[in-house]
Amino acid sequence: KISNLAEYATVLNAPVPALPTYKRMVGTFLYLKNFLKDHPSDIFHQSYYPVPAVGCNLAVTVNDLRFAKFPETYSKQRRMFLEYVVPKAIRQADLVFAISEWTKWEIVDLYGVHPEKIFTAPIPYNSAFVREENREKLERVKALYRLPETFLLCVGHLEPRKNYERIIDAFHSLDQGRHRNVALV
């Protein structure tokens, strides 16, 4: 575990140019390919697809395999694109980062990747999310979103795969005597 990577390596960021969605795939690919020509590296980490041939060790991050598990949540073109580039990137990679154990085992099951090639690296806590103590700000947000005084917040896409039915069932199974004034948001 390295707490200060700068002590051991020079880290170069390759800020990908902001491009419209339809140009992003090709533009990012070409940009990174040229960046690596100008900045030879020992390791290249990519969190977007497609992955260029890098000429060095490659690490890729896989956030999920929703396109394979829930294909109906993608357009046909986007799904076909991901069905091609994601397995290819995983095969190219020397190391795969999965954001959860669940994703790790989906990679193993779907693509036959040896589990030792996959490192689970959960998305870190963002320090921007801190407990707000300013009562005035809290009241403004509460009014803006018409929030009740006490609530449980569930954040995610409104899609069947998120299993909101189970969340609602779990919420209703709470001891209503003890949690009578709690709302589900």
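Residues numbered from 1 in each chain as written. Predicted model: local features only at pLDDT ≥ 70, side-chain atom pairs only at ≥ 80, totals over all residues. Heavy atoms only, no water.

Participant: Before we go on, may I ask you to explain the overall build of the protein chain in this structure?
Facilitator: When helices and strands are tallied, the protein chain shows six helices and six strands. Tracing the protein chain from N to C terminus, the helices and strands come up as α-β-β-α-α-β-α-β-α-β-α-β. In the protein chain, which comprises 185 residues, the share counted as buried stands at 24%. Long-range contacts, defined here as pairs at least 24 residues apart, represent 43% of the contacts in the protein chain between residues at least 6 apart. Roughly 13900 Å² of accessible area belongs to the protein chain as shown, and the carbon and sulfur atoms make up 56% of that amount. (Helix = DSSP H or I, 4+ residues; strand = E, 2+ residues; numbered from the N terminus. Buried < 20%, exposed > 50% of the residue type's maximum accessible area, 1.4 Å probe, protein only. Contact = heavy atoms within 4.5 Å. Areas by Shrake-Rupley, 256 points an atom, 1.4 Å probe, with all protein chains shown as cover.)

Participant: I'm lost on the packing of aromatic side chains in this one. Help?
Facilitator: The description of two aromatic rings rests on the distance between their centres and on the angle between their planes. Following the criterion strictly, the structure yields one aromatic pair and no others. When the centroid spacing of 5.9 Å and the interplanar angle of 85° are considered together, the rings of F97 and F119 count as edge-to-face. On the criterion of sequence distance, the pair formed by F97 in strand β3 (residues 95-98) and F119 in strand β4 (residues 118-120) is long-range, its members being 22 residues apart. According to the relative accessible area criterion, F97 is partly exposed, its value standing at 21%. (Phe/Tyr/Trp six-rings, centres within 6.5 Å; stacked < 30°, edge-to-face > 60°.)

Participant: Teacher, can you tell me more about the pairing of β3 here?
Facilitator: When a strand is regular, its side chains alternate between the sheet's two faces. Burial of β3 is one-sided: the residues V96 and A98 facing one way are buried, the residues L95 and F97 facing the other way are not. Since β3 and β4 lie parallel, the crossover through helix α4 (residues 101-111) that links them has a hand, and here it is right-handed. (Right-handed = clockwise from strand over helix to strand, strands pointing away.)

Participant: Even after reading the chapter, I still don't get the nonpolar core, so can you show me in this structure?
Facilitator: In globular proteins that are soluble, nonpolar side chains generally tend to be buried together. Of all hydrophobic cores here, the largest spans 25 residues; its most connected members are Y49, V86, V96 and I107. Listing elements by their share of this core, those giving two or more residues are α1 (21-38), β2 (57-62), α3 (76-92), β3 and α4. A per-element tally of this core places α3 first, with five residues. (Core = buried A, V, L, I, M, F, W, Y, C linked by side-chain atoms within 4.5 Å.)

Participant: Whenever I open this one, the sheet that holds β2 confuses me. Can you help?
Facilitator: Across the sheet, which stays open at both edges, the four strands sit in the order β1-β2-β3-β4 with parallel pairing between neighbours. The outermost strands of the open sheet, each flanked by one partner alone, are β1 (43-46) and β4. Averaged over neighbouring strand pairs, the angle between their axes works out to 20° when direction is ignored. Pairing of β1 with β2 involves four bridges; the strand directions are parallel. Directly across from F44, in β2, lies its bridge partner L58. (Pairing = 2+ DSSP bridges. Axes fitted to C-alpha atoms, helices over the stretch in contact; angles between N-to-C directions.)

Participant: Honestly, α3 in this entry has me stumped. Any pointers?
Facilitator: Owing to its 3.6 residues per turn, the α-helix brings residues three or four apart onto one side. The end-to-end C-alpha distance of α3 is 25 Å, a good match for the 24 Å that 17 residues give at a rise of 1.5 Å each. When we look at burial in α3, the residues that qualify are R79, L82, V85, V86, P87, A89 and I90. Looking at the buried side of α3, the elements it contacts are β2, α2 (66-69), β3 and α4. (Expected span 1.5 Å × (residues − 1).)

Participant: Mind showing me how you'd approach the side chain of T103 here?
Facilitator: You can see T103 is positioned in helix α4. Those residues in contact with T103 that sit more than four places away from it in its chain are V62, N63, D64 and A98.

Participant: Looking at this structure, how should I read the pattern of salt bridges?
Facilitator: For the structure on display, the rule yields seven salt bridges. Between E149 and R135 there is a salt bridge; the shortest N-O distance is 3.4 Å. In this pair, E149 sits in the loop between α5 (135-144) and β5 (150-152) while R135 sits in helix α5, placing the two residues 14 residues apart along the sequence. Taking the relative accessible area as the measure of exposure, R135 reaches 47% and is therefore partly exposed. Note that R140 and E136 form a salt bridge whose closest N and O atoms lie 3.5 Å from each other. Separated by four residues within a single helix, R140 and E136 lie in helix α5, roughly one turn from each other. (Salt bridge = Lys/Arg side-chain N within 4 Å of Asp/Glu carboxyl O.)

Participant: In this structure, what is going on with unusual backbone geometry? I would like to understand it.
Facilitator: Apart from glycine, the bulk of residues carry a negative phi angle, and the bulk of peptide bonds sit in the trans form. Of note in this structure, R146 is not a glycine but carries a positive phi near 50°. Topologically, R146 is positioned in the loop between α5 and β5.

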